[in-house]
Amino acid sequence: MKENLKELVIDVQKKYEDLTWELSNKIWDFSEVGLIEYKSADAFRKVLKENDFTITPVKGIETAFVASYGDSSPVIGFTGEYDALPGLSQVASLTEKKSEEGKTDGHGCGHNNLGTGALGAALIVKDYIDKIGHGTVKFFGTPSEERDGAKTFMARDGYFDDLDMALTWHPKDRNAVWTEGTLANVIMDYKFKGISSHASDAPENGRSALDSCELMNVGVNYLREHVVEQARIHYAYQDVGGSAPNVVQSHAGLRYFYRAPKIKEALDIARRGDNIAKAAAMMCETEVEVKMLVAISDYHSNKTLAKVMDEAFKEIGAPEFDEKDFELAREFYETQAESVKEATKERLLAEFEPKEVEEMIKCGIQTKVEPLDFKRRTMTITSDVGDLSYAAPTIQLNMATAALGTSLHTWQMTAQGLTTYAKKATAKAIQVLALTAIKAMNDPEILKEAKEELVAFRGEKYQTPLKDDIVIRDPKVSK
C-alpha cells in the first residue's frame with residue numbers, strides 16, 4: 001500500500017506544533033533588528049541542537065548559522081529569517097496603532113512566523129530522513145533580510161552550493177506559490193570630499209562636496225529616462241556637510257539604490273551612476289569615493305519545483321479558519337484605506353470567480369489557494385532569496401497569516417503576528433513546505449530537472465554580484 005505522505009506530514013507537524021509556536025512567540029517578543037538578533041538566533045540554535053542538528057557558524061555574520069542533519073544525498077535546505085523592523089512596535093492583536101510599552105521595534109514583515117515555519121518544515125524532513133535512512137536537511141539561519149541581505153553574502157561564500165533544493169516562504173495576505181520575480185538591487189555609497197572656505201569672503205577657495213551631490217542627482221535624473229522600464233532609482237543624503245550656509249561644505253555623501261528586473265541590468269545602471277558621480281566630482285574639482293555596500297540578485301522561481309509545490313498545496317489546502325478568526329480579520333481589513341481595498345479586490349478577481357471574491361472579502365481573509373501562474377508581473381520589491389535562487393533550485397510560497405490588504409512593514413502586520421489565524425496559516429505553510437520537499441526527495445528526476453532548469457537560466461555556476469572584499473555591515477555602525 002502506497003504511503004500517505006500528506007497524513008505523515010500533518011501528523012509530524014502536530015508533534016512539533018507547540019514547539020514551533022512557542023518559538024514564534026519568543027521571536028516576536030524579542031523583536032531584534034538586523035544583525036543584532038542575538039537572542040533570536042540563540043533560540044533557534046537551542047531548538048535545533050535539542051533535535052540533533054549540528055550547528056556551524058557563518059564567517060563574518062554573528063547571527064547567521066547553518067544547522068545540518070544527515071550525511072547523504074539529496075540535500076534539502078530551508079532558510080529562516082528572524083529580523084524585526086525598526087519603529088514598528090505594536091500591541092499584539094490590537095486593531096489600532098499602539099506601540100507596546102518598552103519596545104521600539106516589531107515584526108512588521110512576519111519574520112517571527114517565517115523563521116519558525118521554515119524550522120518546523122526542516123524538523124519534519126529530519127524525521128522523514130530517519131524513516132527512509134538517507135538524505136540531508138539543512139536549516140540556514142539568515143539574518144537581516146530587511147537591511148543587509150545576509151543570504152547574498154552567504155551565497156557568495158558558498159554556503160548554498162551543495163543544495164539540491166532550497167525552500168522558504170513568506171507570511172502575507174494571500175495563499176499562493178510564489179512565481180513572481182523580484183527586482184535586483186545594487187546599493188552604492190558616494191562620499192564626496194572638497195575644500196572648505198568662507199562662502200562669502202573667499203568662495204573662490206572652496207570646492208563644494210555638497211554641490212557635487214547636487215550635480216550627481218541632476219545627472220541621475222536624466223539617466224532615469226534611459227533605463228529599462230521596471231528600473232527604480234532612489235537616493236538619500238547620508239551627509240549634507242553641515243548646517244552653516246556660509247561655509248563651503250568640504251564633505252557630503254549620498255546612498256543610492258539601483259533596482260532592475262535582472263541583476264545584470266541593475267549592475268549596469270549602477271555603473272552608469274558611478275560615472276555620473278565621478279563626472280560631478282570633476283565638475284566641482286572635488287574627490288569621490290565610490291563604494292558598493294551590497295548587490296542583491298533578482299528572484300528566480302524554479303518552475304519544476306513550483307509544480308511540485310502546487311501539487312502539495314492542493315493536497316494540504318488553504319488555512320481553515322473559524323468565525324472568531326474571521327471577526328478579527330474583518331476588523332483589521334477595515335483599517336485599510338479604500339484604495340487598498342479596491343486594489344485587493346482587483347487582485348482577487350484576477351484569480352477567482354466574483355462570488356468567491358465576495359465571500360473572502362466578507363471573511364476579511366483569503367480562504368482559497370490561488371491557481372499556479374507563471375505569467376505574473378515582476379514584483380517591485382527586493383529579497384535576498386534572489387541570490388539563494390541563483391545558487392540552488394529554489395521555490396517559496398505565500399500563506400495568508402494576515403487580513404486581506406495588509407501591507408508588509410506596517411503596524412497591522414506586526415499586530416497580526418500572534419493571532420490564532422496566523423498560527424493556523426503558519427502550520428499550513430509548514431505542511432506545504434515539508435510535503436514539497438519530501439515529494440522531491442522521493443523522485444530523483446524532479447531534482448535533476450530542477451537543477452537543469454537552474455543551469456539553463458544562470459549558467460553552469462552561480463556568479464556572485466559581490467566582490468570578495470565587500471563585507472557585511474558592522475552591526476555597531478548605524479549607517
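Here the structure is shown first, and the text comes after it.
These remarks concern the structure in this document.

Considering unusual backbone geometry
Part 1 of the argument: The linkage connecting serine 73 with the following residue, proline 74, adopts the cis geometry, with an omega of -5 degrees.
Part 2 of the argument: Positionally, proline 74 belongs in the loop between strand S2 (61–70) and strand S3 (75–80).
Part 3 of the argument: Here the phi dihedral of leucine 35 falls at roughly 70 degrees; this positive angle occurs in a residue that is not glycine.
Part 4 of the argument: For leucine 35, the position within the fold is in the loop between helix H1 (5–30) and helix H2 (38–50).
Part 5 of the argument: With a relative accessible area of 4%, leucine 35 lands in the buried category.
Part 6 of the argument: Positioned with a positive phi, glutamate 285 is a non-glycine residue whose angle comes to about 55 degrees.
Part 7 of the argument: Owing to a relative accessible area of 56%, glutamate 285 belongs among the exposed residues under this scheme.

Digging into the pairing of strand S7 (residues 184–193)
Part 1 of the argument: Counting buried residues in S7 gives eight out of 10 residues, a clear majority hidden from the surface.
Part 2 of the argument: Note: S7 against strand S9 (residues 251–260), 10 bridges, orientation antiparallel. Within S9, the position partnered with tyrosine 190 by the bridge is leucine 254.
Part 3 of the argument: As paired elements, S7 and strand S10 (residues 287–296) share nine bridges and run antiparallel to each other. By the bridge assignment for S10, tyrosine 190 is matched with valine 290.

Details of the pattern of salt bridges
Part 1 of the argument: The tally for this structure, following the rule as stated, stands at 34 salt bridges.
Part 2 of the argument: Linking glutamate 50 and lysine 46 is a salt bridge whose minimum nitrogen-to-oxygen distance equals 2.7 Å. With a gap of four residues between them, glutamate 50 and lysine 46 both fall in helix H2, about one helical turn apart. Lysine 46 carries the same exposure label as glutamate 50, and that label is exposed.
Part 3 of the argument: Here glutamate 452 and lysine 448 are joined by a salt bridge, their closest N and O atoms 2.8 Å apart. Pair noted here: glutamate 452 and lysine 448 are both in helix H14 (residues 444–458), with a separation of four residues, about one helical turn.
Part 4 of the argument: A relative accessible area of 42% places glutamate 452 in the partly exposed class.

Some points on the sheet that holds S10
Part 1 of the argument: Sheet architecture is open: four strands sit in the order S8-S9-S7-S10, paired in antiparallel fashion. Of all strands in the sheet, those bounded by a partner on one side alone are strand S8 (232–239) and S10. Within this sheet the neighbouring strands show an average axis-to-axis angle of 20 degrees, counted without direction.
Part 2 of the argument: Against the sheet, helix H5 (residues 209–223) contacts S7, S8 and S9, and its axis sits at roughly 20 degrees relative to S9.
Part 3 of the argument: Strands S7, S8, S9 and S10 of the sheet are contacted by helix H6 (residues 263–284), whose axis makes an angle of about 10 degrees with S7.

Thoughts on the environment of glutamate 81
Part 1 of the argument: Mapped onto the elements of the fold, glutamate 81 is located in the loop between S3 and helix H3 (111–132).
Part 2 of the argument: Along the sequence, glutamate 81 and serine 144 sit 63 residues apart, while their C-alpha atoms lie 7.5 Å from each other.
Part 3 of the argument: Setting aside chain neighbours within four positions, we find glutamate 81 in contact with His111, Leu114, Gly115, Thr142, Glu145, Lys151, Asp384 and Val385.

Structural notes on H5
Part 1 of the argument: The terminal C-alpha atoms of H5 lie 21 Å apart, and with 15 residues this matches the ideal 21 Å at 1.5 Å per residue to within 8%.
Part 2 of the argument: Regarding H5, the residues found buried are Ala209, Leu210, Ser212, Cys213, Met216, Asn217, Val220 and Leu223. Projection of H5 onto a plane perpendicular to its axis shows the buried side chains occupying an angular sector of 150 degrees, all on one side.
Part 3 of the argument: Those residues of H5 that are buried are in contact with S7, S8, S9 and H6.

What about the state of the cysteines?
Part 1 of the argument: One pass over the full model with this rule turns up zero disulfides.
Part 2 of the argument: Of all cysteine sulfurs in the structure, the one in cysteine 213 sits closest to cysteine 284, which takes part in no disulfide; the separation is 9.2 Å.
Part 3 of the argument: By relative accessible area, cysteine 284 is classed as buried at 13%.

Considering the nonpolar core
Part 1 of the argument: Phe78, Phe139, Met216 and Tyr258 are the most contacted members of the largest nonpolar core, which has 117 residues in total.
Part 2 of the argument: Residue contributions to this core peak at 11 residues, all from helix H13 (residues 420–441).
Part 3 of the argument: Leaving out residues up to four positions away in the same chain, phenylalanine 139 has contacts with Phe44, Leu48, Phe65, Val66, Ala67, Phe78, Gly80, Gly115, Ala118, Leu119 and Ala122.

Rules of the game
Residues numbered from 1 in each chain as written. Predicted model: local features only at pLDDT ≥ 70, side-chain atom pairs only at ≥ 80, totals over all residues. Heavy atoms only, no water. Helix = DSSP H or I, 4+ residues; strand = E, 2+ residues; numbered from the N terminus. Buried < 20%, exposed > 50% of the residue type's maximum accessible area, 1.4 Å probe, protein only. Pairing = 2+ DSSP bridges. Salt bridge = Lys/Arg side-chain N within 4 Å of Asp/Glu carboxyl O. Axes fitted to C-alpha atoms, helices over the stretch in contact; angles between N-to-C directions. Contact = heavy atoms within 4.5 Å. Expected span 1.5 Å × (residues − 1). Arc of directions from axis to C-beta. Disulfide = S-S within 2.5 Å. Core = buried A, V, L, I, M, F, W, Y, C linked by side-chain atoms within 4.5 Å.

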